Amino acid sequence: MREIVGLDMAAAKAAFAKYLSDVSLDSRQIYFVNQIVEYIVHNGLMKDLSVLQEPPFTDRGSIVEIFTDLTLWARIKKAIDRFNANAVAA
C-alpha cells in the first residue's frame with residue numbers, strides 16, 4: 001500500500017533525523033538526504049539503491065564525493081534499510 005500512496009513527509013524526515021541527529025551535515029549532504037526523503041515519500045520505499053547514482057541524487061556529486069565519512073553513509077543506508085523493512089512489514 002505504501003508504494004501506492006507514498007509516505008508522510010514529516011514521518012520520513014523524523015526517521016532520518018533520528019539517525020543523523022548527532023552529526024553536522026554540509027549543504028551537499030543535506031541536499032542528498034532530502035532527495036532520499038522525497039523519493040521515499042513519493043514511492044513508499046527505496047527498493048533499488050542504484051537510483052542513488054542518478055540525478056537528482058548526483059546533482060551535487062556522487063555518494064563517494066559527498067560522503068567521505070563512511071560511518072555517516074552507513075547511518076543513512078541503515079535509515080533506508082529500516083524504511084524498506086517497515087514498508088514490507090506493513
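Residues numbered from 1 in each chain as written. Predicted model: local features only at pLDDT ≥ 70, side-chain atom pairs only at ≥ 80, totals over all residues. Heavy atoms only, no water.

Enquirer: Please clarify how the nonpolar core should be interpreted in this entry.
Expert: Considering soluble globular proteins, one finds that nonpolar side chains tend to be buried as a cluster. Among the nonpolar cores identified, the biggest contains 23 residues, and Phe16, Phe32, Ile36, Met46, Leu52, Phe67 and Ile76 are the most heavily contacted of them. Listed by contribution, the elements that provide at least two residues to this core are α2 (9-20), α3 (27-43), α4 (63-66) and α5 (70-89). (Core = buried A, V, L, I, M, F, W, Y, C linked by side-chain atoms within 4.5 Å. Buried < 20%, exposed > 50% of the residue type's maximum accessible area, 1.4 Å probe, protein only. Helix = DSSP H or I, 4+ residues; strand = E, 2+ residues; numbered from the N terminus.)

Enquirer: Would you explain the packing of α2 against α3 in this entry?
Expert: The packing of two helices is summarised by the inter-axis angle and the distance between the axes. Put simply, α2 and α3 touch, their axes get as near as 9 Å, and they point 140 degrees apart. Classified by the angle their axes make, α2 and α3 are oblique. Two packed elements cross with a definite hand, and for α2 against α3 that hand is right-handed. Contacts between α2 and α3 pair Met9, Ala12, Lys13, Phe16 and Leu20 from the former with Val33, Asn34, Ile36, Val37, Glu38, Ile40 and Val41 from the latter. Taken together, the residues of the contact of α2 with α3 break down into nine nonpolar, one polar and two charged. (Axes fitted to C-alpha atoms, helices over the stretch in contact; angles between N-to-C directions. Parallel < 35°, antiparallel > 145°, perpendicular 65-115°, else oblique. Left-handed = near helix turned anticlockwise from the far one by under 90°. Contact = heavy atoms within 4.5 Å. Nonpolar A, V, L, I, M, F, W, Y, C, P; charged D, E, K, R; others polar.)

Enquirer: Whenever I open this one, the confidence of the model for the chain confuses me. Can you help?
Expert: One rule of thumb: low pLDDT means the predicted coordinates there are not for detailed reading. Taken residue by residue, the chain gives an average pLDDT of 85. The fraction at 70 or more is 91%. Looking at the elements of the chain, mean pLDDT is at its lowest for helix α1 (residues 2-5), recorded as 41, and at its highest for α4, recorded as 95. Taken as a whole, residues 1-5 scores under 50 in pLDDT and shows ten contacts with residues more than four places along the chain or in a different chain. (pLDDT = per-residue confidence, 0-100.)

Enquirer: Which parts of the structure should I look at to understand the side chain of Asn84?
Expert: Within the fold, Asn84 resides in helix α5. Of note is the side chain of Asn84, whose polar atom sits 2.8 Å from the backbone oxygen of Met46. (Polar contact = N/O pair within 3.5 Å; in protein donor to acceptor, adjacent residues only side chain to side chain.)

Enquirer: Could you clarify how one ought to interpret the packing of α3 against α5 in this entry?
Expert: Running from N to C, α3 and α5 cross one another at 10 degrees; their axes reach a closest spacing of 12 Å. Our classification of the angle between α3 and α5 gives roughly parallel. Residues Gln29, Phe32, Val33, Ile36 and Ile40 of α3 pack against Leu72, Trp73, Ile76, Ile80 and Phe83 of α5. Taken together, the residues of the contact of α3 with α5 sort by class into nine nonpolar, one polar and no charged.

Enquirer: Help me out: how do you make sense of unusual backbone geometry in this one?
Expert: A negative phi angle characterises most non-glycine residues, just as the trans form characterises most peptide bonds. Put simply, Pro55 and Pro56 share a cis peptide bond, and its omega is 5 degrees. Secondary-structure assignment places Pro56 in the loop between α3 and α4.

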